[in-house]
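# Geometric and topological summary
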Amino acid sequence: MSTPIVIDTDPGVDDAVAIMLALASPEVEVRAITTVFGNVALESTTANAGRILALCDRADVPVAAGAARPLVHPQRERAQQWHGGDGLGGRASALPAPAAEPEARGAVETMAAVLRASAEPVTLVPIGPLTNVALLLAVHPELTSRITRIVWMGGSLGAGNTSGAAEFNAHCDPEAAHRVLTQADVPVTMVPLDLTLRCPAGPAWLDSLAGAGPRCGELAQVIAHYRAAYRARYGMDAVAVHDAVAVLEAVLPGTLRTTAMPIEVACDLGPARGATVAMPLGPGPSVQVALEADTDAVLTEILERLSRLN
Ligand code: BDR
Ligand code: CA
């Protein structure tokens, strides 16, 4: 029996890899894809989710649009420099158009409907800012027992990638991250930069992806701009597939090794805004922070699964 999941996402190049990984994995059933602002504006992330589903011939998976902005303060930065102005490395219009309109009821009510309708508890896999998930927990506390756990790609115990202190998804909406990471009703696994940056997909991986049939070939073209941005910024020919690492943990629980610790999020307006700070002696509920994995095996597993899509 497969595990029901909802992916909450801001596609996003590595989001595209992550969504396709989930669609390629029989261990999970993607009950909905909900979208959020983040790498680019909500309108684009929503269209991109529909395009990725169309590429994979999965118009049966509903898409619902969520928050266009953070809970409290305006978003400080988008990430077009990594993901391209359209969010998919300039390739969005080369993908098939979305086969269906987004759900009229929106992301939060779509997640709620999935939770209510599912015979089994559902795993939520947010791979963008946590705005929609924070709203779900606030609006529908009666549904928390229907959520197995939240597996979030985001945060960092070390350096950030958007400021010196903050990872992008946390930086986009620190108040939402604080709301989700400091609650005790639903277990949270956080997949931070500390681990995802240790899983770089290099030229051999990218070449294999490009040669794995038409869908993976298209995905490789989507990645090309992101790859060039990594080369320009870090001088290395490899890309971090952050969001796919989190999805793999949802698909194969236990793939990543976690350490339990309370996490607090800096929500002041100073330079550390969005930092996710470990509070080992703190009183708060513990988050399972994924800090260790067999990183070669993670990349091999992701590639092997994506290759099944064709
Ligand atoms: C996260 O930020 C986004 O740009 C990526 O899609 C990923 O979710 C990595 O910091
Ligand atoms: Ca993302």
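The structure reproduced in this document is the subject of the present report. (Residues numbered from 1 in each chain as written. Chains lettered and ligands numbered in written order. Predicted model: local features only at pLDDT ≥ 70, side-chain atom pairs only at ≥ 80, totals over all residues. Heavy atoms only, no water.)

### Re the sheet that holds strand β2 (residues 28–35)
In space, the nine strands of this open sheet follow the order β3-β2-β1-β4-β5-β6-β11-β9-β10, with mixed pairing throughout. Of all strands in the sheet, those bounded by a partner on one side alone are β3 (63–65) and β10 (276–278). Strand-to-strand, the axes of this sheet are offset by a mean angle of 30°, without reference to chain direction. Taken together, the two bridges between strand β4 (residues 122–126) and strand β5 (residues 147–153) define a ladder with parallel strand orientation. The residue of β5 that forms the bridge with L124 is I150. Against the sheet, helix α4 (residues 106–117) engages β1 (3–9), β2, β3, β4 and β5, with an angle of about 160° to β2. Helix α5 (residues 131–139) contacts β1, β2, β4 and β5 of the sheet and is inclined by roughly 155° relative to β5. (Pairing = 2+ DSSP bridges. Helix = DSSP H or I, 4+ residues; strand = E, 2+ residues; numbered from the N terminus. Axes fitted to C-alpha atoms, helices over the stretch in contact; angles between N-to-C directions. Contact = heavy atoms within 4.5 Å.)

### Quick word on the side chain of R227
Here R227 shows up in helix α10 (residues 214–234). Classification of R227 by relative accessible area gives buried; the value is 19%. Setting aside anything within four residues of it in sequence, one finds R227 in contact with P203, L206, D237 and V239. (Buried < 20%, exposed > 50% of the residue type's maximum accessible area, 1.4 Å probe, protein only.)

### A closer look at the pairing of β1
Burial runs high along β1: six of the seven residues are buried. Bridging between β1 and β2 involves seven bridges; their strand directions are parallel. By the bridge assignment, T9 is partnered in β2 with T35. Note on the crossover from β1 through helix α1 (residues 13–23) to β2: the handedness is right-handed. (Right-handed = clockwise from strand over helix to strand, strands pointing away.)

### Let's talk about the coordination of the calcium ion (ligand 2)
Taken together, D10 (OD), D15 (OD), D15 (OD), I127 (O) and D243 (OD) make up the protein donors of the calcium ion (ligand 2), found 2.3 to 2.6 Å from the metal. Between consecutive donors of the calcium ion (ligand 2), the numbers of intervening residues give the motif D-x4-D-x111-I-x115-D. Here D243 lies in helix α11 (residues 242–251) and D10 lies in the loop between β1 and α1, a separation of 233 residues in the sequence. Of the two residues examined, D10 and D243, each falls in the buried class. (Donors = N, O, S within 2.8 Å, 3.2 Å for Na, K, Ca; no water.)

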